[in-house]
Amino acid sequence: MPPIIELEGLGVTLGGRRILEGLNCSLSGRAIGLLGPNGAGKSTLINTLLGFYPVAAGTARVLGHNIRTEIKQIRALAGYMPESECFIAQMTAVRFVRLMTELSGLPSEAALERAHEALFYVGLGEARYRLLGTYSLGMKQLAKLAQAIAHGPRLLILDEPTNGLDPPARQRMIRLIREMRDSRDLHILLCSHLLRDVEETCEEVLILKDGHQVHYANLEEERRANRRFLELETLGGNGAFAEAVERLDCECAITGSVFSAPPGNHTDRSPRRFKLVLGQDFALQDLYRLAEEHGVQIRRLNYRRDSLEDIFLKAMENSNGRP
């Protein structure tokens, strides 16, 4: 699949301060996540790709078009849902979406038809003649989405689409994003500081910190390659038990509070926490067998894989030493 976004040494300077520095990446997924803490440069990158901020170094390509020389073509092919409100409060939703669609290049009649279709698609069909100033926060987010998709873009850029939404409204937004990703000839760039949103919708992730690229991840490949873990809480279990567990094709570490048994006490029943990194040949029944042999009572057992949160925190930790 040809790249959707290519960053080639991209740098951006605003107010004499370098905001983005040396970004190099090629992104081609159906849904691409842009992650980072507040102030990482995520919104700056989006605004630069859309031509709102000047490029100080390098360049970037969006759908094959260079942002230095072909920004009009890029804007015609992209839909943008900004984080901040972009409404005219005394306009009805259908008039507003029609206006934004006309600004994207569609004739007036076609823009009106698309406005109705987009508002029905996001679930605002019954409220499309209401003034935008009367909308709730969740409805305003859906109206922003409608104006971003009405002209039929090839790239949909979503900046914090679930910001401020309650759980049901958030689930509705995530469901719409997945549906568009899977059923439309459309690529999505999702900018968020919410790891859960990105993990539930995206195939690729670019992580920024302080204007620098600190990690790129193909989430499907990461999930296949990521290690499996067991978090174990027990009553009893000394170093001999941990050593025996390690012979089951895993790494074992005691991670919780440990109260040493008095010398000569071989029946210590202190609570312990273990973390096991599992190998391919690990079998859970062997762990139960060892626990019985060592007189260890397993109180809790939690199985999991590395999550996007683990990937993100590791990227943040590894970037701390970056000059």
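Within every chain, residues take consecutive numbers counted from 1 along the sequence as written. Given that this is a predicted model, residues contribute local features only at a pLDDT of at least 70 and side-chain atom pairs are listed and counted only at 80 or more, while totals for whole chains, interfaces and linings are drawn from all residues. Water and hydrogen atoms play no part in the side-chain values, which are based on all heavy atoms of the structure.

A closer look at the overall build of the chain
Right, so step 1: Of regular secondary structure, the chain possesses 11 helices and 14 strands.
Right, so step 2: Relative to the 2.2 N^0.38 estimate, which gives 20 Å for 323 residues, the radius of gyration of the chain is 26 Å and therefore markedly larger than a compact globule would have.
Right, so step 3: Its C-alpha atoms put the chain at 85 × 45 × 35 Å along the principal axes.
Right, so step 4: Relative accessible area decides the class of each residue, using a 1.4 Å probe on protein chains only: under 20% of the type maximum gives buried, over 50% gives exposed, and in between gives partly exposed. Counting every position in the chain, which comprises 323 residues, the buried fraction comes to 47%.
Right, so step 5: Residues count as neighbours in contact if any of their non-hydrogen atoms are within 4.5 Å of one another. In the chain, the proportion of contacts linking residues at least 24 apart, taken out of those at least 6 apart, comes to 70%. Every helix listed is a DSSP run of H or I at least four residues long, and every strand listed is a run of E at least two residues long, numbered separately from the N terminus. Radius of gyration: C-alpha atoms only; globule rule: 2.2 Å multiplied by the number of residues to the exponent 0.38.

Concerning unusual backbone geometry
Right, so step 1: With a phi close to 50°, Glu160 is a non-glycine residue in the positive phi region.
Right, so step 2: By the element assignment, Glu160 lies in the loop between β7 (155-159) and α6 (167-183).
Right, so step 3: By relative accessible area, which is 6% here, Glu160 ends up buried.
Right, so step 4: For Asp210, which is not glycine, the phi torsion reads 50° and is therefore positive.
Right, so step 5: Overall, the relative accessible area of 48% leaves Asp210 in the partly exposed class.

Some words on the packing of helix α9 (residues 239-246) against helix α10 (residues 284-293)
Right, so step 1: Between α9 and α10, the shortest axis-to-axis distance is 10 Å and the interhelical angle comes to 155°. Taken together, α9 and α10 sit at an angle that is classed as roughly antiparallel. With respect to the hand of their crossing, α9 and α10 are arranged in right-handed fashion. Packed against α9, whose contacting residues are Phe241, Ala244 and Val245, the element α10 presents Leu287, Leu290 and Ala291 at the interface.
Right, so step 2: Each residue gets one of three labels, nonpolar for Ala, Val, Leu, Ile, Met, Phe, Trp, Tyr, Cys and Pro, charged for Asp, Glu, Lys and Arg, and polar for the others, Gly among them. Of the residues assigned to the contact of α9 with α10, the class counts are six nonpolar, no polar and no charged. A fitted line through C-alpha atoms serves as each axis, taken over the contacting stretch for helices, and the angle formed by two N-to-C directions is quoted from 0 to 180°. Comment on the angle field: the value is read as roughly parallel under 35 degrees, roughly antiparallel over 145, roughly perpendicular from 65 to 115, and oblique elsewhere. In a left-handed crossing the near helix is turned counterclockwise from the far helix by less than a right angle, and in a right-handed crossing that turn is clockwise.

Remarks on the environment of Asn38
Right, so step 1: Residue position: Asn38 is located in the loop between β3 (31-35) and α1 (42-49).
Right, so step 2: Sequence separation between Asn38 and His212 is 174 residues; the distance between their C-alpha atoms is 13 Å.

Description of the nonpolar core
Right, so step 1: Residues Leu145, Leu156 and Ile188 are the most contacted members of the largest nonpolar core, which totals 48 residues.
Right, so step 2: Considering every element that reaches this core, the biggest residue donor is helix α5 (residues 137-149), with seven residues.
Right, so step 3: Once residues within four sequence positions are removed from consideration, Leu145 is found in contact with Met81, Val122, Leu156, Leu158, Met173, Leu176 and Met180.
Right, so step 4: Note on terminology: a nonpolar core comprises buried Ala, Val, Leu, Ile, Met, Phe, Trp, Tyr and Cys residues joined through side-chain atoms within 4.5 Å. Core analysis: the next-biggest nonpolar cluster, separate from the first, contains 30 residues, Ile4, Cys25, Val55 and Leu155 among them.

Some thoughts on the pairing of strand β2 (residues 17-27)
Right, so step 1: With eight bridges connecting them, strand β1 (residues 5-14) and β2 associate as antiparallel partners. Counterpart to Leu14 in the pairing with β2 is Arg17.
Right, so step 2: Here a strand pair is declared whenever DSSP counts at least two bridges between the two strands. What sits between the antiparallel neighbours β1 and β2 is a turn of two residues, in which Gly15 has the positive phi angle 60°.

Here we look at the confidence of the model for the chain
A low pLDDT means the predicted coordinates there should not be read in detail.
Right, so step 1: The pLDDT value expresses, per residue, how confident the predictor is, ranging between 0 and 100. Looking at the chain, the pLDDT average stands at 87 and 91% of residues meet or exceed 70.
Right, so step 2: Throughout residues 258-267 the model reports pLDDT below 50, and contacts reaching past four residues in sequence, or to other chains, amount to six contacts.

Focus on the packing of aromatic side chains
Right, so step 1: Only the six-membered ring of Trp is used, alongside the rings of Phe and Tyr, when aromatic pairs are assigned; centres must lie within 6.5 Å, and planes under 30 degrees apart are stacked while those over 60 apart are edge-to-face, with the rest tilted. Counted according to the given criterion, the structure contains two aromatic pairs.
Right, so step 2: Between Phe87 and Phe96, the ring centres sit 5.4 Å apart and the planes meet at 65°, which makes this aromatic pair edge-to-face.
Right, so step 3: Residue Phe87 is classed as buried on the basis of its relative accessible area, which comes to 17%.
Right, so step 4: For the ring pair Phe241 and Phe274, a centre distance of 5.6 Å and an interplane angle of 75° mean the geometry is edge-to-face. With Phe241 in helix α9 and Phe274 in strand β13 (residues 271-278), the pair connects residues that are 33 residues apart, well separated along the chain.
Right, so step 5: By relative accessible area, Phe241 is classed as buried at 0%.

With respect to the side chain of Lys144
Right, so step 1: Relative to the assigned elements, Lys144 resides in helix α5.
Right, so step 2: A polar atom in the side chain of Lys144 sits 2.9 Å from the backbone oxygen of Pro82.
Right, so step 3: Polar contact criterion, stated in full: a pair of N or O atoms within 3.5 Å, where within protein one must be able to donate a hydrogen and the other to accept it, and residues adjacent in sequence count only if both atoms are side-chain atoms. Engagement of the side chain of Lys144 in a polar contact is seen with the backbone oxygen of Glu83, the distance being 2.9 Å.
Right, so step 4: Other than its neighbours up to four places away in sequence, Lys144 contacts Met81, Pro82, Glu83, Ser84, Cys86 and Phe87.

Some thoughts on α6
Right, so step 1: Look at α6: 24 Å from first C-alpha to last across 17 residues, which is about the 24 Å you get at 1.5 Å a residue.
Right, so step 2: Of the residues making up α6, those classed as buried are Ala169, Arg170, Met173, Ile174, Leu176, Ile177, Met180 and Arg181. Down the axis of α6, the sector holding all buried residues measures 155°, keeping them to one side. With respect to the buried face of α6, the exposed residues turned more than 90 degrees away are Pro167, Pro168, Asp182 and Ser183.
Right, so step 3: The backbone nitrogen of Ala169 has a side-chain oxygen 2.9 Å away, supplied by the residue at the start of α6, namely Asp166. Here the expected length of a helix is defined as 1.5 Å per residue gap, with one fewer gap than residues. Directions from the helix axis toward the C-beta atoms define the arc.

A word on the pairing of strand β4 (residues 57-62)
Right, so step 1: Summarising the sheet, β1 and β4 pair through five bridges and their orientation is antiparallel. Note on β4: the bridge partner recorded for Leu7 is Ala60.
Right, so step 2: In the sheet, β4 pairs with strand β5 (residues 65-66) via two bridges, with the strands oriented antiparallel. Residue pairing in the sheet places Arg61 in a bridge with Asn66 of β5.
Right, so step 3: Here β4 folds back onto β5 in antiparallel fashion, the turn holding two residues, of which Leu63 has a positive phi close to 55°.

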